[in-house]
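# Per-entry structural report
In case you want the letters, here they are:
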Amino acid sequence: MTMTDSLDRRTVLRSTGAVVTAGLLAGCGGDGGEDGSGDDDGGGGEDGGTTDTETDTPTETEMSTETEGGETAGASQEVSEYLSETSNFDGSVSTMTDQDTVTVTVGAEANGGAFGFDPAAINVSTGTTVQFEWTGEGGNHNVVSDGDGPLDSGEAVGEEGVNYEYTFEEAGTYLYYCTPHETLGMKGAIVVE
Ligand SMILES: [Cu+2]
């Protein structure tokens, strides 16, 4: 009788442990486990098993916020395709969320000269103003939305400085390019969340 009870308890503990371990592994796969809170419960100690399970439960919350920890995130397929021939795009989006103002350089070294936006792809929050700062290199540039987006700095100009800025009030993916150098790959993407 006592033995049976004990066996049952072990079985329950062991299966719970398996589930928790799977959850931890899934969390680590996404590169951002903040703090490996899992104190490696080495499978079913007779005591403290219940306590371990409770401690590990918050893992699911961590998983849902893991992108906030890193400086970059993987780009969406839409962004990756648009920037497929942009030399300074490496498949990631620079995280610049929760800032009032961020800067994108226009005329950064890329695409065979000073023909890039840097960073090529960024992630910002709604309400953020993106200032486009010309380096003065690479000739004349402008910032124009692909398709019918809202970005339009007008004619291409070459003077150094912040020649254009735009405040993003609506979430979405904004793709843009420089008219004179679009064919060289001078393109960018801003993901507003
Ligand atoms: Cu240009």
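Higher on the page you've got the structure.
Okay, so let's go over this structure.

Cut-offs applied
Residues numbered from 1 in each chain as written. Predicted model: local features only at pLDDT ≥ 70, side-chain atom pairs only at ≥ 80, totals over all residues. Heavy atoms only, no water. Helix = DSSP H or I, 4+ residues; strand = E, 2+ residues; numbered from the N terminus. Buried < 20%, exposed > 50% of the residue type's maximum accessible area, 1.4 Å probe, protein only. Contact = heavy atoms within 4.5 Å. Areas by Shrake-Rupley, 256 points an atom, 1.4 Å probe, with all protein chains shown as cover. Pairing = 2+ DSSP bridges. Donors = N, O, S within 2.8 Å, 3.2 Å for Na, K, Ca; no water. Tetrahedral: all angles 85-135°; square planar, octahedral: opposite > 155°, others 65-115°. Patch = residues over 30% accessible without salt bridge, like charges linked within 9 Å, V, L, I, M, F, W, Y side chains within 5 Å. Salt bridge = Lys/Arg side-chain N within 4 Å of Asp/Glu carboxyl O. Lys, Arg positive; Asp, Glu negative; His and termini not counted. Charge placed at Lys NZ, Arg CZ, Asp CG, Glu CD. Polar contact = N/O pair within 3.5 Å; in protein donor to acceptor, adjacent residues only side chain to side chain.

This paragraph deals with the overall build of the chain. Helix and strand content of the chain: four helices and ten strands. Helices (α) and strands (β) of the chain occur, in sequence order from the N terminus, as α-α-α-β-α-β-β-β-β-β-β-β-β-β. Across the 193 residues in the chain, those meeting the buried criterion constitute 34%. Of all intrachain contacts in the chain linking residues separated by at least 6 positions in sequence, the fraction that spans at least 24 positions is 64%. Approximately 10900 Å² of the chain is accessible, and the part contributed by carbon and sulfur atoms is 47%.

What follows deals with the sheet that holds strand E9 (residues 172-177). In spatial order, the strands read E1-E2-E5-E10-E9-E7; together these six strands make up an open sheet with mixed pairing. Edge strands, defined here as strands with exactly one partner in the open sheet, are strand E1 (72-74) and strand E7 (144-145). As judged from the four bridges shared by strand E5 (residues 121-124) and strand E10 (residues 187-192), these two strands associate in the parallel manner. Across the sheet, Ile122 pairs through a bridge with Ile190, a residue of E10.

For the rest of this paragraph, the subject is the coordination of the copper ion. Only His141 (ND1), Cys178 (SG), His181 (ND1) and Met186 (SD) from the protein coordinate the copper ion, and they sit 2.0 to 2.5 Å from it. In this structure, the copper ion is surrounded by four donor atoms whose angles at the metal cover 96 to 128°, and the resulting shape is tetrahedral. In primary sequence terms, the donor set of the copper ion follows H-x36-C-x2-H-x4-M. Here His141 is found in the loop between strand E6 (128-134) and E7, whereas its partner Met186 is found in the loop between E9 and E10, with 45 residues between them in sequence. When sorted by exposure, His141 lands in the same class as Met186, which is buried.

Before going further, it helps to examine unusual backbone geometry. The linkage connecting Asp118 with the following residue, Pro119, adopts the cis geometry, with an omega of -5°. Here Pro119 shows up in the loop between strand E4 (113-118) and E5. For Asp98, which is not a glycine, the phi torsion comes out positive at approximately 60°. What makes Asp98 exposed here is its relative accessible area of 66%.

Turning to the environment of Val130, a few remarks are in order. Mapped onto the elements, Val130 comes out in strand E6. Here Val130 falls in the buried class, since its relative accessible area comes to 0%. Taking C-alpha positions, Val130 is 9.7 Å from Gln99, a pair spaced 31 residues apart along the chain. In contact with Val130, other than residues within four places in its own chain, are Val102, Val104, Ile122, Tyr164, Glu165, Tyr166, Phe168 and Ile190.

Taken together, Glu109, Glu133, Glu137 and Glu160 make up a surface patch of like negative charges. Position of Glu109 among the secondary structure elements: in strand E3 (residues 101-110).

The residue Ser145 is located in strand E7 in this model. Judged by relative accessible area, which is 5%, Ser145 ranks as buried. One polar contact links the side chain of Ser145 to the main-chain amide nitrogen of Leu151, over a distance of 2.8 Å. If sequence neighbours within four positions are ignored, Ser145 has contacts with Pro150, Leu151, Leu175, Tyr176 and Tyr177.

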